[in-house]
Amino acid sequence: MGNTLAEKVWEQHVVRQADGEPDLLYIDLHLIHEVTSPQAFEGLRLAGREVRRPDLTVATEDHNVPTTPGPITDVVSRTQVETLRTNCKEFGVRLYPMGDAEQGIVHIIGPQLGLTQPGMTIVCGDSHTSTHGAFGALSFGIGTSEVEHVLATQTLPLNPFRTMAINIDGTLPDGVTSKDIILAVIAKIGTGGGQGYVLEYRGSAVREMSMEARMTMCNMSIEAGARAGMVAPDETTFAYLKGRDHAPTGADWDAAVESWSQLVSDEDAVFDAEINIDASALTPFVTWGTNPGQGLPLSAVVPDPESFAGENDKAAAQRAIDYMGLTPGMPLREIHVDTVFLGSCTNGRIEDLRAAADVIKGRKVADGVRMLVVPGSAKVRLQAEGEGLDKVFSDAGAEWRLAGCSMCLGMNPDQLAVGERSASTSNRNFEGRQGKGGRTHLVSPLVAAATAVRGTLSSPSDLVTSN
Amino acid sequence: MEKFTQHTGVGVPLRRSNVDTDQIIPAVYLKRVSRTGFEDGLFAAWRGDETFVLNNPQFADGSVLVAGQDFGTGSSREHAVWALMDYGFRVVLSSRFADIFRGNAGKAGLLAAQLRQEDIELLWKLLENEPGTQVTVDLEQRTVVAGEHVFGFEVDDYIRWRLLEGLDDISLTLRHADQITNFESARPSWKPSAQPV
């Protein structure tokens, strides 16, 4: 029996195997940010330990940073960022601080720098580390104790994951993106459906996707409960990597590509679970509730809690509808929003900004709606400005911001007010995620842009009809 | 880490499924750089509601949380475990835990024990009918005892062993430092380095 992609990468990183104990896995790259690292460095200091491989460790400032010019005004946020700076200096870790040309959301800068490569093991104290799986890396979020463990040993004791194939075949219709696919996958298997699994996205629709589209999909694997998402590397992957700062060159490049080319699930590999998605049947997908699994096609209506099987699901749906301030039976397209957020590690890349700009170009953000456009990294911002996208957004009445996690999580100044409703390209619609009392609908960049124009949840095709 | 063999304390019924870590501790409470003092952030949004279970004085000394399915989903923040422990919880019972949460709990010394959903439902009823009921969780026997009920639970063998022994992961791994060094010497030269290029 052959091996799956995830199993192959796992096997290549086993340092030690013993009966009744987890495998000790080597970690090729450790990404760090200011929120989940201070206590880990503190632990090292208390135990008198060093960072074993500072050369395999990279830090950036993202969660707390304001996206308007100027210093961090919140004292506690500033302390966290300053603590990261002190720790990186003391332990010799490379840091991309605010204002640096390479600063940005941790999951945007890894791929951008060429540090994220196929077949690697990558960890970060952040659940959206699954993003890097788009390159065929085994990449997952860890807690702060594990951050300390990796800092001290460059390894992690782990039990093997199970594997699930997500077969996505067919051609995506116009206006439907990989964000819609992943929202549909999560709605199908539920927020716990991927528990214990590494998801491998396969099929013709995945092959046709750009690297950035693959990253969006892998990013949200965690929202289905999965530890990681992966896509086998191919020519698209190699073309994306070639020439990036940290990508191999010359003979090293050839050796790397030869090794990377082996990273596909064998034809006779057996997955522990398998699901099939017909890409051609998909339409824009949005969430109505308070977890990423509570989503429906944009053409649907707010569901009736009574329609759910099981008392727990009924109660959960009722609570979500109450929190979201919705009425069962209401068409999703009629939901008015106050804010549109375009950005995050899910959808803050150049292709996301281009797609949204295409929709919004020559149009205006609806009265009473605020739209924030937050590039995922300083480099994405510069690139977008070079293409004039900043002007497209500004002319439409949107706010063009500096790079950071921004409104994806209520941790920096970009937050929803109590009762405020957003259409957001981020990854979580939990209660209060974007600010206490805020209400979030997860959407694709295309839906975000169309929603900004109409003021209600919309897809670009709604704009065509209304013109 | 303190050894965990057996714990007895007041059970707290949290009749909710899909309790994500943003609910356990909202992001705004994650800004500290210390390892303790996160109890004020625990279930911060829900504690504003006076009917929330932790606001009932009969559960004030609660140390065994009995939660619904899919506890600890979402963000990997370990602060969720710290907040529970800082508040006084030593055990969380659920019929299914999110992977990262379960791992984080084991490392910090919080027992995340998996019961059958029907047993959770029974516990909820018992704790709601008789608030203040003591629950005994025995890690050696893998049992939960409440009133006349005895339930078995599942826990990862390795996590169980570490909890029972009070062992810290890093020291365990560093016993194999030579194997790590050997592995490193065999890594392909083209693997990336984070140092300036």
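Residues numbered from 1 in each chain as written. Chains lettered and ligands numbered in written order. Predicted model: local features only at pLDDT ≥ 70, side-chain atom pairs only at ≥ 80, totals over all residues. Heavy atoms only, no water.

- Per an unreviewed UniProt entry, chain B goes by the name 3-isopropylmalate dehydratase small subunit and belongs to Flexivirga endophytica.
- Chain B has a UniProt comment under Subunit (unreviewed entry) that states "Heterodimer of LeuC and LeuD." (UniProt positions renumbered as here; feature names shortened; annotations may be inferred.)

- Per an unreviewed UniProt entry, chain A goes by the name 3-isopropylmalate dehydratase large subunit and belongs to Flexivirga endophytica.
- According to the UniProt record, the Subunit (unreviewed entry) comment for chain A is "Heterodimer of LeuC and LeuD."
- The UniProt entry for chain A carries the following comment under Sequence similarities (unreviewed entry): "Belongs to the aconitase/IPM isomerase family. LeuC type 1 subfamily."

A short note on the overall build of chain A
For step 1, the next point in the chain: Across its full length, chain A holds 17 helices and 19 strands.
For step 2, the next point in the chain: Computed over its C-alpha atoms, the radius of gyration of chain A comes to 21 Å, within 12% of the 23 Å expected for a compact globule of 467 residues.
For step 3, the next point in the chain: Projecting the C-alpha coordinates of chain A onto the three principal axes gives extents of approximately 60 × 55 × 45 Å.
For step 4, the next point in the chain: By the burial criterion, 66% of the 467 residues in chain A qualify as buried. (Helix = DSSP H or I, 4+ residues; strand = E, 2+ residues; numbered from the N terminus. Rg over C-alpha atoms; globule rule 2.2 N^0.38 Å. Buried < 20%, exposed > 50% of the residue type's maximum accessible area, 1.4 Å probe, protein only.)

Here we look at the sheet that holds strand 11 (residues 228-230) of chain A
Residues and elements named next belong to chain A.
For step 1, the next point in the chain: Pairing in this open sheet of four strands is parallel, and the strands run 11-10-9-12 from one edge to the other. Because the sheet does not close on itself, it has two edges, and the strands there are strand 11 and strand 12 (273-278). Each neighbouring strand pair of the sheet contributes to a mean axis angle of 20°, computed without reference to strand direction.
For step 2, the next point in the chain: Bridge analysis of strand 9 (residues 162-169) against strand 10 (residues 197-202) gives six bridges, and the strand direction is parallel. (Pairing = 2+ DSSP bridges. Axes fitted to C-alpha atoms, helices over the stretch in contact; angles between N-to-C directions.)

What about the side chain of serine 422 of chain A?
Residue and element names in this part refer to chain A.
For step 1, the next point in the chain: Mapping serine 422 onto the fold places it in strand 18 (residues 421-424).
For step 2, the next point in the chain: Overall, the relative accessible area of 0% leaves serine 422 in the buried class.
For step 3, the next point in the chain: Here the side chain of serine 422 touches glutamine 434 through a polar contact of 2.6 Å, side chain to side chain. (Polar contact = N/O pair within 3.5 Å; in protein donor to acceptor, adjacent residues only side chain to side chain.)

Some remarks on the packing of helix 2 (residues 38-47) of chain A against helix 3 (residues 75-91) of chain A
All names here are of chain A.
For step 1, the next point in the chain: Relative to each other, helix 2 and helix 3 sit at 40°, their axes nearing to 10 Å. It follows from the interaxial angle that helix 2 and helix 3 lie oblique. In this structure, the crossing between helix 2 and helix 3 has a hand that is left-handed. Between helix 2 and helix 3, the contacting residues are Pro38, Phe41, Leu44 and Arg45 on the first element and Gln80, Thr83, Asn87, Glu90 and Phe91 on the second.
For step 2, the next point in the chain: Of the residues belonging to the contact of helix 2 with helix 3, the class tally is four nonpolar, three polar and two charged. (Parallel < 35°, antiparallel > 145°, perpendicular 65-115°, else oblique. Left-handed = near helix turned anticlockwise from the far one by under 90°. Contact = heavy atoms within 4.5 Å. Nonpolar A, V, L, I, M, F, W, Y, C, P; charged D, E, K, R; others polar.)

Overview of the UniProt feature "binding site: [4Fe-4S] cluster" (unreviewed entry) in chain A
Residue and element names in this part refer to chain A.
For step 1, the next point in the chain: According to UniProt, the feature "binding site: [4Fe-4S] cluster" (unreviewed entry) maps to Cys345, Cys405 and Cys408 in the numbering used here. Of the residues just listed, which span 64 residues, no C-alpha pair is farther apart than 8.7 Å, and they cluster in one region.
For step 2, the next point in the chain: Tracing the backbone through its elements, the reader meets cysteine 405 in the loop between strand 17 (399-400) and strand 18.
For step 3, the next point in the chain: Among the residues examined, cysteine 405 registers a relative accessible area of 7% and is labelled buried.
For step 4, the next point in the chain: Aside from chain neighbours lying at most four places away, what touches cysteine 405 is Asp62, His63, Ile105, Phe341 and Asn412.
For step 5, the next point in the chain: Locating cysteine 408 in the fold gives a position in the loop between strand 17 and strand 18.
For step 6, the next point in the chain: A relative accessible area of 6% means that cysteine 408 is categorised as buried.

Observations regarding the environment of glutamine 69 of chain B
Residue and element names in this part refer to chain B.
For step 1, the next point in the chain: Tracing the chain through its elements places glutamine 69 in the loop between strand 2 (62-67) and helix 3 (79-87).
For step 2, the next point in the chain: In this structure glutamine 69 comes out as partly exposed when scored by relative accessible area, which is 29%.
For step 3, the next point in the chain: With 43 residues separating them in the primary sequence, glutamine 69 and proline 26 have C-alpha atoms 20 Å apart.
For step 4, the next point in the chain: Residues in contact with glutamine 69, not counting those within four places in the same chain, are Arg16, Ser17, Asn18, Ser94, Ser95, Arg96 and Gln117.

A word on helix 16 (residues 445-454) of chain A
Residues and elements named next belong to chain A.
For step 1, the next point in the chain: With respect to burial, helix 16 is a largely interior element, nine of its ten residues being buried.
For step 2, the next point in the chain: Residues Pro445, Leu446, Val447, Ala448, Ala449, Ala450, Thr451, Ala452 and Val453 constitute the buried set of helix 16.
For step 3, the next point in the chain: At the exit of helix 16 stands glycine 455, carrying a positive phi of roughly 85°.

Focus on the layout of surface pockets
For step 1, the next point in the chain: What the largest pocket holds in volume is close to 580 Å³.
For step 2, the next point in the chain: In terms of lining, the largest pocket is formed by 25 residues, of which the most central are Asn159 and Arg227 of chain A together with Asp99, Arg102 and Asp156 of chain B.
For step 3, the next point in the chain: Looking at the lining of the largest pocket, the elements with two or more residues in it are strand 8 (155-158) of chain A together with helix 4 (99-108) and helix 6 (157-165) of chain B.
For step 4, the next point in the chain: By residue number, the principal contributor to the lining of the largest pocket is helix 4 of chain B, which donates six residues. (1 Å grid on protein atoms, 1.4 Å probe; cavity = no way out; pocket = protein on both sides within 12 Å on 5 of 7 lines; lining within 4 Å. Points joined across faces, edges and corners; volume = space filled by probe spheres on them.)

Observations regarding the pattern of salt bridges
For step 1, the next point in the chain: Per the stated rule, a full pass over the model turns up 36 salt bridges over all chains.
For step 2, the next point in the chain: Its salt-bridge partner being glutamate 42 of chain A, residue arginine 45 of chain A comes within 3.0 Å of it at the nearest N-O pair. Residue arginine 45 of chain A and its partner glutamate 42 of chain A are both found in helix 2; the two are separated by three residues, about one turn of the helix.
For step 3, the next point in the chain: When its relative accessible area of 32% is taken as the criterion, arginine 45 of chain A is described as partly exposed.
For step 4, the next point in the chain: A salt bridge links glutamate 148 of chain A to arginine 35 of chain B, with the shortest nitrogen-to-oxygen separation between them at 3.7 Å. On the criterion of chain membership, the pair formed by glutamate 148 of chain A in helix 5 (residues 144-153) and arginine 35 of chain B in the loop between helix 1 (21-24) and helix 2 (44-47) is interchain, its members lying in two chains.
For step 5, the next point in the chain: The partly exposed category is assigned to arginine 35 of chain B, whose relative accessible area is 33%.
For step 6, the next point in the chain: Residues joined in a network through salt bridges with shared partners are Arg52, Arg53 and Asp55 of chain A together with Glu184 of chain B. (Salt bridge = Lys/Arg side-chain N within 4 Å of Asp/Glu carboxyl O.)

Some words on the interface of chain A and chain B
For step 1, the next point in the chain: Taken together, the 77 residues of chain A in the interface contact 59 residues of chain B.
For step 2, the next point in the chain: Looking at the side of chain A facing chain B, the largest losses of area belong to Gln39, Arg52 and Gln195 of chain A, adding up to 11% of the total buried there.
For step 3, the next point in the chain: Across the contact surface, chain A and chain B share seven salt bridges.
For step 4, the next point in the chain: Glutamate 184 of chain B is paired through a salt bridge with arginine 53 of chain A; the nearest N and O atoms lie 3.1 Å apart.
For step 5, the next point in the chain: Viewed at the interface, chain B and chain A are joined by 29 residue pairs in polar contact (both at pLDDT 80 or more).
For step 6, the next point in the chain: For the side of chain A that touches chain B, the leading source of residues is helix 5 of chain A, giving seven residues.
For step 7, the next point in the chain: A breakdown of the residues in the side of chain A that touches chain B according to their chemical character gives 24 nonpolar, 34 polar and 19 charged. (Buried area = accessible area lost by both parts, 1.4 Å probe.)

A short note on helix 4 of chain B
For step 1, the next point in the chain: Within helix 4 of chain B, seven of the ten residues are buried, which leaves it mostly tucked inside the rest of the structure.
For step 2, the next point in the chain: Just past helix 4 of chain B, the residue glycine 109 of chain B takes up positive phi, approximately 100°.

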